[in-house]
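# Observations on the three-dimensional arrangement
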Amino acid sequence: WKNEVMHWCQAPREYAAIHFHDDDLYDCGWETDFEIVIPQRTPSGVYGIRLCQDGDQDILPFYVLPPRAGYKNEVCFLASTFTHQAYANH
């Protein structure tokens, strides 16, 4: 990468790198701490699961999609999921 352009369309060869290594992390093997059941008729939208422990809390966003068949709104919400963690301080 030469850092001469900042848009991949102008230098696609410089932005085409993806690397997989034998020692890449696939699964931490962590045990399940909790499960939630989303009721079948939950309206589509953005929801959050609040996790609290020892005075600290975090909210994990999740999205409920509308059924494949039936009425659909003419609005689209595009969410960049989990990118907020790139700026997190924990």
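These remarks concern the structure in this document. The structure displayed is predicted, hence computed values, not measured ones. (Residues numbered from 1 in each chain as written. Predicted model: local features only at pLDDT ≥ 70, side-chain atom pairs only at ≥ 80, totals over all residues. Heavy atoms only, no water.)

Another point: the pairing of strand E1 (residues 45–53). Note: E1 against strand E2 (residues 56–64), 9 bridges, orientation antiparallel. Considered in E2, the bridge of Cys52 is made with Gln57. In this structure, the hairpin formed by E1 and E2 is closed by a connection of 2 residues, where Asp54 is found at a positive phi of approximately 50°. (Pairing = 2+ DSSP bridges. Helix = DSSP H or I, 4+ residues; strand = E, 2+ residues; numbered from the N terminus.)

Next up on the list: the layout of surface pockets. Put simply, the largest pocket is a space of about 590 Å³. What lines the largest pocket is a set of 21 residues, among which Ser44, Gly45, Val64, Leu65 and Pro66 lie closest to the centre. Where the lining of the largest pocket is concerned, the elements lending two or more residues are E1 and E2. Grouping the amino acids of the lining of the largest pocket by side-chain chemistry returns 13 nonpolar, 6 polar and 2 charged. Its volume calculated, the second largest pocket comes out at about 220 Å³. If you trace the second largest pocket, you find it lined by Trp30, Glu31, Thr32, Asp33, Phe34, Leu51 and Leu60. The residue inventory of the lining of the second largest pocket, partitioned by class, reads 4 nonpolar, 1 polar and 2 charged. (1 Å grid on protein atoms, 1.4 Å probe; cavity = no way out; pocket = protein on both sides within 12 Å on 5 of 7 lines; lining within 4 Å. Points joined across faces, edges and corners; volume = space filled by probe spheres on them. Nonpolar A, V, L, I, M, F, W, Y, C, P; charged D, E, K, R; others polar.)

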